[in-house]
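Coordinate inspection notes
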Amino acid sequence: MRENFLKKDLIKRWKIARIVILTVLCLVFFLLISFDFSILSNFAMLILSFIVSMLYYNYYLVDEEMHVSSIILRPDYLLFFLVYVLVESYYGAFSLIFSIFSKDYTPGVIRIKTRMRSSLGRMILANAISLVPGTLSLWTEKHYIYVHWFNIKTRNSIGAGKIIKHRLEKVLKRVFE
């Protein structure tokens, strides 16, 4: 019985968190677009943002993301992840240029498995893979990401996963889990 109460409490807190986050995002979006800082327009937008978030909170951060760690991100690891993606992008760009000039490349599509539990984390991982030159995430399917790889170094899915996403996933897992 106590477990059922805790689950209902968690669902209620998750609903409130989604409404608050969506209201704040709508308000910030309005302020960035309008640059109108008058009290009356901000109050009207706050009410409108709240109404919109009450109507659409079910579509923002689905229920499978209900564990608390997906709400509270680790900003230190997130900053490290962004810097790491930038460094990997430069490394990938130079590697791609070298492969093109040496005419030594084998393009293809490979399926890699991810250990990310969060669908938001899997989506960010797929986008980070696409940011690295020479790789492009084509689609995701449950815990798999299909990647077009400009220069396939191995056809083995596990080996390709280690080369493409291992370090990105390791850092991103610390942000979301």
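Only a predicted model underlies this, so the values are computations on that prediction, with no experimental measurement involved. Residue numbering note: each chain is counted from 1, following its sequence as written. Where totals are concerned, whole chains, interfaces and linings use all residues; where local detail is concerned, this predicted model gives features only for residues with pLDDT of at least 70, and gives and counts side-chain atom pairs only at 80 or more. To obtain the side-chain values, all non-hydrogen atoms of the structure were included, while hydrogens and water were left out.

Brief notes about the sheet that holds strand S2 (residues 135-141)
Strand order across the open sheet formed by three strands is S1-S3-S2, with antiparallel pairing between neighbours. Single-partner strands in this sheet number two, and they are strand S1 (108-113) and S2. Adjacent strand axes in the sheet meet at a mean angle of 25°, parallel and antiparallel pairs treated alike. Following DSSP output, two strands are said to pair if at least two bridges run between them. A run of DSSP states H or I qualifies as a helix once it reaches four residues; a run of E qualifies as a strand once it reaches two. Both are numbered from the N-terminal end. When S2 meets strand S3 (residues 144-149), the two strands line up antiparallel, connected through six bridges. The residue bridging Ser 137 from the neighbouring strand is Val 147, located in S3. The criterion used for residue contact is that any of the two residues' heavy atoms lie within 4.5 Å. Only C-alpha atoms enter the line fits that serve as axes; for helices the fit covers just the stretch in contact. Angles between N-to-C directions range over 0 to 180 degrees. Lying on the sheet, helix H4 (residues 119-131) is in contact with S1, S2 and S3; it crosses S2 at an angle near 155°. The sheet strands contacting helix H5 (residues 157-164) are S1, S2 and S3, and the helix crosses S1 at an angle near 85°.

Remarks on the nonpolar core
One finds Ile 112, Ile 129 and Leu 168 to be the most contacted residues of the largest nonpolar core, which totals 20 residues. If you list the elements that add at least two residues to this core, you get helix H3 (75-102), S1, H4, S3, H5 and helix H6 (166-176). Among residues more than four places away in sequence, those in contact with Ile 129 are Ile 112, Thr 135, Ser 137, Ile 145, Val 147, Ile 164, Lys 165 and Leu 168. By nonpolar core is meant a set of buried Ala, Val, Leu, Ile, Met, Phe, Trp, Tyr and Cys residues that side-chain atoms within 4.5 Å join together. For each residue, the accessible area found with a 1.4 Å probe, counting protein chains only, is set against the maximum for its type, and the residue is called buried under 20%, exposed over 50%, and partly exposed in between.

Focus: the packing of aromatic side chains
Here the aromatic set is Phe, Tyr and Trp, taking the six-membered ring for Trp, and pairing holds for ring centres within 6.5 Å; pairs whose planes are under 30 degrees apart are stacked, those over 60 apart are edge-to-face, and all others are tilted. Summed over the entire model, instances satisfying the criterion amount to four aromatic pairs. Pairing Tyr 105 with Phe 150 gives two aromatic rings, centres 4.5 Å apart and planes at 25°, and the pair type is stacked. Placement of the pair is Tyr 105 in the loop between H3 and S1 and Phe 150 in the loop between S3 and H5, with a sequence separation of 45 residues. Note on Tyr 105: relative accessible area 39%, which makes it partly exposed. Above the plane of the ring of Tyr 144 lies Arg 111, whose end atom (NZ or CZ) is 3.9 Å from the centre. Working rule: Lys NZ or Arg CZ, within 6 Å of ring centre, within 35 degrees of ring normal, means a charge sits over the ring.

A short note on the environment of Arg 111
Residue position: Arg 111 is located in strand S1. Considered as a pair, Arg 111 and Ser 137 are 26 residues apart in the sequence and their alpha carbons are 9.8 Å apart. Dropping the residues within four chain positions of it, Arg 111 is found in contact with Tyr 144, Ile 145, Tyr 146 and Ser 157.

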